[in-house]
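# Chain and residue survey
One-letter residues, chain by chain:
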Amino acid sequence: MAIDAAELRRVFGQFATGVTVVTTRHEGVPQGMTANSFTSVSLDPPLVLFCADRRARSGMLVGTAGCFAINVLAEEQRHLSDLFAGKGTDEQRRALLDEIGQGAVTGAPILQGALGWLDCRLERAIDAGDHIVYFGEVVAAGAGDPASPLLYFRSGYRRLDQL
Ligand SMILES: Cc1cc2nc3c(=O)[nH]c(=O)nc-3n(C[C@H](O)[C@H](O)[C@H](O)COP(=O)(O)O)c2cc1C
(Lines give C-alpha, C1' and ligand atoms only; values in the text may rest on other atoms or scores of the structure.)
Protein backbone atom coordinates (compact mmCIF):
# COMPACT_ATOMS: atom_id res chain seq x y z
CA MET A 1 0.00 0.00 0.00
CA ALA A 2 1.40 3.39 -0.98
CA ILE A 3 1.97 5.78 1.91
CA ASP A 4 0.07 9.05 1.58
CA ALA A 5 2.61 11.88 1.64
CA ALA A 6 0.34 14.32 3.48
CA GLU A 7 -0.41 11.73 6.17
CA LEU A 8 3.28 10.90 6.48
CA ARG A 9 4.06 14.59 6.99
CA ARG A 10 1.33 14.82 9.66
CA VAL A 11 2.70 11.81 11.54
CA PHE A 12 6.29 13.09 11.37
CA GLY A 13 4.93 16.35 12.85
CA GLN A 14 3.60 14.50 15.92
CA PHE A 15 7.16 14.08 17.12
CA ALA A 16 8.08 17.13 19.24
CA THR A 17 11.66 18.29 18.78
CA GLY A 18 14.02 21.06 19.70
CA VAL A 19 15.26 23.44 17.01
CA THR A 20 18.87 23.93 15.92
CA VAL A 21 20.73 26.11 13.48
CA VAL A 22 23.38 24.05 11.70
CA THR A 23 26.28 26.22 10.58
CA THR A 24 29.31 25.56 8.44
CA ARG A 25 32.16 27.50 6.85
CA HIS A 26 32.59 26.83 3.16
CA GLU A 27 35.68 28.35 1.49
CA GLY A 28 35.82 30.93 4.29
CA VAL A 29 32.15 31.91 3.95
CA PRO A 30 29.85 31.20 6.94
CA GLN A 31 26.54 29.44 6.16
CA GLY A 32 23.60 28.27 8.25
CA MET A 33 20.26 26.50 8.08
CA THR A 34 17.53 25.68 10.58
CA ALA A 35 17.19 21.95 11.28
CA ASN A 36 15.17 19.89 13.74
CA SER A 37 16.53 16.57 12.45
CA PHE A 38 19.50 16.73 14.84
CA THR A 39 20.05 13.54 16.84
CA SER A 40 22.74 12.52 19.29
CA VAL A 41 24.14 9.16 18.13
CA SER A 42 27.08 7.97 20.22
CA LEU A 43 29.01 9.03 23.34
CA ASP A 44 32.15 7.01 22.55
CA PRO A 45 33.18 8.06 19.99
CA PRO A 46 31.13 11.26 20.23
CA LEU A 47 28.86 11.27 17.18
CA VAL A 48 25.80 13.26 16.13
CA LEU A 49 23.76 13.53 12.94
CA PHE A 50 21.38 15.79 11.10
CA CYS A 51 19.47 15.34 7.82
CA ALA A 52 19.51 17.92 5.05
CA ASP A 53 17.08 18.13 2.17
CA ARG A 54 19.01 17.83 -1.10
CA ARG A 55 17.57 21.24 -2.03
CA ALA A 56 18.99 22.94 1.10
CA ARG A 57 21.96 24.93 -0.15
CA SER A 58 23.66 25.27 3.23
CA GLY A 59 23.14 21.60 3.94
CA MET A 60 24.77 20.59 0.68
CA LEU A 61 27.80 22.77 1.43
CA VAL A 62 28.55 20.73 4.57
CA GLY A 63 29.64 17.88 2.29
CA THR A 64 32.49 19.88 0.76
CA ALA A 65 33.24 22.05 3.82
CA GLY A 66 33.84 18.89 5.89
CA CYS A 67 32.54 20.40 9.12
CA PHE A 68 29.42 21.70 10.84
CA ALA A 69 28.26 23.06 14.18
CA ILE A 70 24.93 22.31 15.84
CA ASN A 71 23.52 25.29 17.76
CA VAL A 72 20.56 24.37 20.01
CA LEU A 73 18.16 27.33 20.10
CA ALA A 74 16.63 28.87 23.21
CA GLU A 75 12.99 29.98 23.28
CA GLU A 76 14.07 33.61 22.76
CA GLN A 77 15.91 32.69 19.54
CA ARG A 78 12.87 31.98 17.39
CA HIS A 79 13.86 34.87 15.11
CA LEU A 80 17.10 33.00 14.34
CA SER A 81 15.15 29.88 13.40
CA ASP A 82 13.06 31.97 10.98
CA LEU A 83 16.12 33.74 9.60
CA PHE A 84 17.85 30.44 8.78
CA ALA A 85 14.69 28.73 7.52
CA GLY A 86 14.27 30.82 4.42
CA LYS A 87 12.64 33.93 5.89
CA GLY A 88 15.85 35.98 5.88
CA THR A 89 17.94 37.06 2.91
CA ASP A 90 21.39 35.58 2.28
CA GLU A 91 22.84 38.99 3.21
CA GLN A 92 21.04 39.03 6.59
CA ARG A 93 22.22 35.51 7.38
CA ARG A 94 25.78 36.29 6.32
CA ALA A 95 25.88 39.54 8.32
CA LEU A 96 24.79 37.77 11.49
CA LEU A 97 27.26 34.92 11.05
CA ASP A 98 30.11 37.31 10.16
CA GLU A 99 29.60 39.12 13.48
CA ILE A 100 30.18 35.90 15.37
CA GLY A 101 33.72 35.28 14.17
CA GLN A 102 35.54 32.02 13.69
CA GLY A 103 33.75 29.61 16.01
CA ALA A 104 35.52 26.95 18.06
CA VAL A 105 37.79 24.37 16.36
CA THR A 106 36.50 23.81 12.81
CA GLY A 107 35.52 27.43 12.11
CA ALA A 108 31.80 26.68 11.84
CA PRO A 109 30.07 29.62 13.58
CA ILE A 110 28.80 29.19 17.14
CA LEU A 111 25.66 31.26 17.89
CA GLN A 112 25.70 33.40 21.03
CA GLY A 113 22.89 32.59 23.44
CA ALA A 114 22.47 29.03 22.18
CA LEU A 115 21.42 26.51 24.84
CA GLY A 116 24.29 24.34 23.71
CA TRP A 117 26.62 23.85 20.76
CA LEU A 118 28.57 20.99 19.19
CA ASP A 119 31.45 21.66 16.79
CA CYS A 120 31.89 18.67 14.46
CA ARG A 121 34.16 17.28 11.79
CA LEU A 122 32.13 15.56 9.07
CA GLU A 123 32.51 11.84 9.73
CA ARG A 124 30.38 10.51 6.86
CA ALA A 125 27.51 11.47 4.60
CA ILE A 126 24.86 8.98 3.54
CA ASP A 127 22.33 9.46 0.73
CA ALA A 128 18.85 8.72 2.05
CA GLY A 129 16.00 9.39 -0.38
CA ASP A 130 15.45 13.11 -0.83
CA HIS A 131 17.77 13.90 2.11
CA ILE A 132 21.44 13.43 2.99
CA VAL A 133 22.33 12.24 6.50
CA TYR A 134 25.45 13.96 7.81
CA PHE A 135 27.30 12.33 10.70
CA GLY A 136 29.73 14.47 12.66
CA GLU A 137 32.43 13.66 15.17
CA VAL A 138 32.21 16.19 18.00
CA VAL A 139 35.54 17.98 18.47
CA ALA A 140 34.34 20.72 20.85
CA ALA A 141 31.14 21.33 22.79
CA GLY A 142 29.64 23.79 25.22
CA ALA A 143 26.45 24.29 27.19
CA GLY A 144 25.05 27.81 27.46
CA ASP A 145 23.21 29.50 30.30
CA PRO A 146 20.16 27.65 31.58
CA ALA A 147 17.12 28.79 29.60
CA SER A 148 14.01 27.28 28.08
CA PRO A 149 14.31 25.53 24.70
CA LEU A 150 12.59 26.49 21.46
CA LEU A 151 10.36 23.56 20.49
CA TYR A 152 8.71 22.48 17.23
CA PHE A 153 5.53 20.38 17.14
CA ARG A 154 2.76 19.92 14.54
CA SER A 155 4.39 22.39 12.14
CA GLY A 156 4.63 25.19 14.68
CA TYR A 157 6.88 26.63 17.37
CA ARG A 158 5.93 25.74 20.97
CA ARG A 159 7.01 26.49 24.49
CA LEU A 160 7.56 23.81 27.10
CA ASP A 161 4.35 24.81 28.91
CA GLN A 162 2.34 25.00 25.67
CA LEU A 163 2.60 21.48 24.26
C1 LIG B 1 11.72 24.19 12.69
C2 LIG B 1 12.33 23.85 11.34
C3 LIG B 1 13.09 22.71 11.19
C4 LIG B 1 13.68 22.38 9.96
N5 LIG B 1 14.44 21.25 9.88
C6 LIG B 1 15.05 20.94 8.71
C7 LIG B 1 15.89 19.79 8.63
O8 LIG B 1 16.11 19.07 9.60
N9 LIG B 1 16.49 19.53 7.43
C10 LIG B 1 16.27 20.32 6.32
O11 LIG B 1 16.83 20.03 5.27
N12 LIG B 1 15.48 21.42 6.37
C13 LIG B 1 14.88 21.75 7.54
N14 LIG B 1 14.09 22.87 7.62
C15 LIG B 1 13.94 23.72 6.43
C16 LIG B 1 15.20 24.57 6.18
O17 LIG B 1 15.58 25.30 7.33
C18 LIG B 1 14.96 25.58 5.03
O19 LIG B 1 14.56 24.88 3.88
C20 LIG B 1 16.22 26.39 4.74
O21 LIG B 1 15.85 27.53 4.02
C22 LIG B 1 17.25 25.60 3.96
O23 LIG B 1 18.46 26.31 3.86
P24 LIG B 1 18.92 27.08 2.53
O25 LIG B 1 18.08 28.35 2.50
O26 LIG B 1 20.35 27.35 2.75
O27 LIG B 1 18.62 26.21 1.35
C28 LIG B 1 13.48 23.22 8.83
C29 LIG B 1 12.71 24.39 8.98
C30 LIG B 1 12.14 24.70 10.22
C31 LIG B 1 11.33 25.97 10.37
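Just above, that's the structure.
We now turn to the structure provided with this report. Quick caveat, the model's predicted, so the values are computed rather than measured. (Residues numbered from 1 in each chain as written. Predicted model: local features only at pLDDT ≥ 70, side-chain atom pairs only at ≥ 80, totals over all residues. Heavy atoms only, no water.)

## Brief notes about the overall build of the chain
Helices and strands together make up the secondary structure of the chain, namely four helices and 10 strands. Start at the N end of the chain and walk to the C end: the helices and strands fall as α-β-β-β-β-β-α-β-α-α-β-β-β-β. Here the chain has a C-alpha radius of gyration of 15 Å; the compact-globule value for 163 residues is 15 Å, and the two agree. Within the chain, the fraction of its 163 residues that count as buried is 40%. Surface accessibility of the chain: about 9200 Å² in total, with carbon and sulfur atoms responsible for 53%. Looking at charge distribution, the chain has the averaged site of its 15 positive side-chain charges lying 6 Å from that of its 19 negative ones. (Helix = DSSP H or I, 4+ residues; strand = E, 2+ residues; numbered from the N terminus. Rg over C-alpha atoms; globule rule 2.2 N^0.38 Å. Buried < 20%, exposed > 50% of the residue type's maximum accessible area, 1.4 Å probe, protein only. Areas by Shrake-Rupley, 256 points an atom, 1.4 Å probe, with all protein chains shown as cover. Lys, Arg positive; Asp, Glu negative; His and termini not counted. Charge placed at Lys NZ, Arg CZ, Asp CG, Glu CD.)

## So, the pairing of strand β6 (residues 67-72)
Across the six residues of β6, five count as buried, placing the element largely inside the fold. Bridge analysis of strand β2 (residues 20-26) against β6 gives four bridges, and the strand direction is antiparallel. What sits directly across from Val21, in β6, is Asn71. Relative to strand β7 (residues 116-128), β6 runs antiparallel, the two sharing six bridges. Across the sheet, residue Val72 finds its bridge partner in β7, namely Gly116. (Pairing = 2+ DSSP bridges.)

On their own, these measurements won't tell you what the molecule is for.
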